[in-house]
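So the chains spell out like this:
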Amino acid sequence: METKINLVNNKILNWITDLPLCIKHAGNTWHEDTLLQSHDSTIAGITVSGILKKFEKPSLTGEEARREAAIQAYLSDNLRLSKSKVNTFSDEAVERFELARKLIKKWVATDSLRDDDAWFGKGECFDSHQGRTSPLAKLNKLPFTVTCGAATDGVMLLWRNRQLKRWLVNWARTKGSPIDRSPKGQAEFYAALMRDQLISVVPGNRGETVPKNNKTDRFIGVEPKLNMLLQKTVGGLLRRSLKRAGVDLLRGQLDHQLMIRSQDIATIDLKGASNSNHLDLVQLLLPGWLYEKILSYRSSSTYVKVKGVGSFHVELNMVASMGNGFTFELMSIMLLALARTFDPRASVYGDDIVISKEKSLEFAAFLSEYTDYVVNEEKSFFDGVIRESCGAYFVLDREITRYDVKWCTSFVDCITTVNKLQRISAFLMELNMPMCTDVAHSLRKLALACRAVMRGPFYFEGKRGVPAKVSLTDAGLKYHEIPNRETTLSLFVETDEPERTCLPKAIRKRLREWQEKHQNYSNYVVKVPTFGVNSSRRHHRTVTQCRSGDPRAFTVLLKTHQLPDLLKKGEGTWQWQYAICDDYGVVDFLGS
């Protein structure tokens, strides 16, 4: 299996190496001079850039270089913020900031911090859990880390939160601690926690990096446990405030992808925006009581390790980096308030700003002159020809099919990658433009070569020998309803010569009829295990089915013809369904 995965990766690497220079150039410079470039090279460059920038063979040397680049960028941003621009205002800027402050005050209204928002995120905490980041794993590892400024509010949160308090008392009981005699008040509770070393005060967070692209990683601050819980309460408040302003962060990406369909829209992206939130700007725009909470709950320093220098603590001039529980929400609400002073219909999702084309240049100039945000020239588009936001790309009125293609580490990654390549190829082929057509043919050949490597049968390890939770939904397959049937294309056996197989008479007859109806169509038959749902079940999922012409990939993940037993007895029965496929995927079902 690993050999086949490596072969797929090598084929993509060879494709990148052999790519013509003109296409590579388009992939690296499609964002420059958009009014002068042809739409052909721009579209081809956009689609290819997701492969050129993201696909790279993992190496210790490359990882270390990207990590050091991320740390140096973080330190540089922090040093840049030592001299803030926020205090150098013109009369116009004062009016803008005052209006933005009133907007945020209106959105926050009478809302307050809620203990219900205090919970753990998906990532690590200050005291490493070696990848075990579930809430239970974090609760089971004591002491709770906290900074000095957040210690009092953190203990009060534990006291008020009945579940956390009960868990602490039960944990202490197993250790024979005096805390098991329920404390009479907060002061006694605080004293008991400190005495039993259930709380540890730390100076700040610790710096780590996570992958971003081929050039650099993303720097994150891994926060103390109690700080993260408190930061989540601030983040929850800001999310509710943004929703009152008409920006729902739960569906913000989808909203932006719909908004940028209009050619009257410009999109602005910021460089290192998470590291550009200055405390002076927060104090200027947010209500005083909320600013005090942010100041208390943030980590005032970061512990970093720099190669050749050593480990040290950095005092932060920024509010916080990514990894903080409210950085994203804080950045969104401040940028939204400032953008709304220029365009009442503007929208913000993190550092992705959607604003009217007429006001975009003025707003970008304002940010550059009076705030510490830096406009990313490569990913900001003011003329309306190209719009990019939250992963969606438009050129004029056409949506561009673009995917990030990354190094494959599993067989499902290979399936997903081939699906992406074939989708891009099919999209470019429809455009009938010279460079786009060349790229489409090239990607088509690459996808077919990868699929040839992936031909089976293969066996996928999982529960009872079958991957119960592995589905090709992540690989881009769509769902269409077939009553009382459900299936997964990740489990089937294929044959290229249906006439030589022992197909039932009825199936052979349907196949001949289908072939007569669809002349000159290259196809073959697969056997797909489907699950017949009992009529007693009111709700059932739909069946995975692909239409003719859709670029799909699939693979063989069964070694034997035994039907997988994945669901409980009494819920239904497994049956083999015969399906017609082409080089793209499943075209039609012939029956069982």
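Note: the structure precedes this text.
Let us look at the structure shown here. (Residues numbered from 1 in each chain as written. Predicted model: local features only at pLDDT ≥ 70, side-chain atom pairs only at ≥ 80, totals over all residues. Heavy atoms only, no water.)

### Things to note about the sheet that holds strand β9 (residues 352-356)
Pairing in this open sheet of 4 strands is antiparallel, and the strands run β8-β9-β5-β10 from one edge to the other. Two strands close off the open sheet at either side, each with one partner strand: β8 (347-349) and β10 (374-375). Of the strand pairs in this sheet, strand β5 (residues 265-271) and β9 are connected by 5 bridges, and their pairing is antiparallel. Paired with I265 across the two strands is S356, which belongs to β9. Against the sheet, helix α14 (residues 327-340) makes contact with β5, β8 and β9, and its axis sits at roughly 165 degrees relative to β8, the strand it touches most. Across the sheet, helix α15 (residues 357-370) touches β5, β9 and β10, and the angle it forms with β9 is around 130 degrees. (Pairing = 2+ DSSP bridges. Helix = DSSP H or I, 4+ residues; strand = E, 2+ residues; numbered from the N terminus. Contact = heavy atoms within 4.5 Å. Axes fitted to C-alpha atoms, helices over the stretch in contact; angles between N-to-C directions.)

### A word on the packing of helix α16 (residues 411-431) against helix α17 (residues 434-454)
In contact at an axis separation of 8 Å, α16 and α17 are set at 155 degrees when each is read in the N-to-C sense. Judged by the angle between their axes, α16 and α17 are roughly antiparallel. Considering only the axes of α16 and α17, their crossing is left-handed. (Parallel < 35°, antiparallel > 145°, perpendicular 65-115°, else oblique. Left-handed = near helix turned anticlockwise from the far one by under 90°.)

### Side note on the sheet that holds strand β6 (residues 301-306)
The 4 strands are arranged β4-β3-β6-β7 in an open sheet whose pairing can be described as mixed. The sheet is open, and its two edges are formed by β4 (217-222) and β7 (310-315), each paired on a single side. Within the sheet, the average angular offset between the axes of one strand and its neighbour, ignoring direction, is 35 degrees.

### Side note on the packing of aromatic side chains
Under the defined criterion, the tally for this structure stands at 9 aromatic pairs. Their ring planes at 45 degrees and their centres at 5.4 Å tell us that F97 and F366 sit as a pair that is tilted. With F97 in helix α5 (residues 91-108) and F366 in helix α15, this residue pair connects regions lying 269 residues apart in the sequence. Side by side, F97 and F366 carry an identical accessibility label, which is buried. An angle of 50 degrees between the planes, with centres 5.3 Å apart, marks the rings of F366 and Y370 as tilted. You can see F366 and its partner Y370 sitting in helix α15, 4 residues apart, about one turn around the helix. The same class applies to F366 as to Y370, namely buried. (Phe/Tyr/Trp six-rings, centres within 6.5 Å; stacked < 30°, edge-to-face > 60°. Buried < 20%, exposed > 50% of the residue type's maximum accessible area, 1.4 Å probe, protein only.)

### As for the pattern of salt bridges
Under the defined criterion, the tally for this structure stands at 18 salt bridges. Here R240 and D111 are joined by a salt bridge, their closest N and O atoms 2.8 Å apart. Of the two residues, R240 sits in helix α10 (residues 225-244) while D111 sits in the loop between α5 and α6 (135-140), which places them 129 residues apart along the sequence. Assigned by exposure class, R240 and D111 land together as buried. Salt-bridge contacts for D404 lead to R402; the nearest nitrogen and oxygen are separated by 3.0 Å. You can call D404 partly exposed: its relative accessible area is 27%. (Salt bridge = Lys/Arg side-chain N within 4 Å of Asp/Glu carboxyl O.)

### Looking at the environment of V304
Within the element layout of this structure, V304 appears in strand β6. For the pair formed by V304 and L75, sequence separation is 229 residues and the distance between their alpha carbons is 9.6 Å. Setting aside residues up to four positions removed in sequence, V304 forms contacts with G207, F219, G310, S311, F312 and V314.

Limitation: the analysis is restricted to geometry and does not speak to function.
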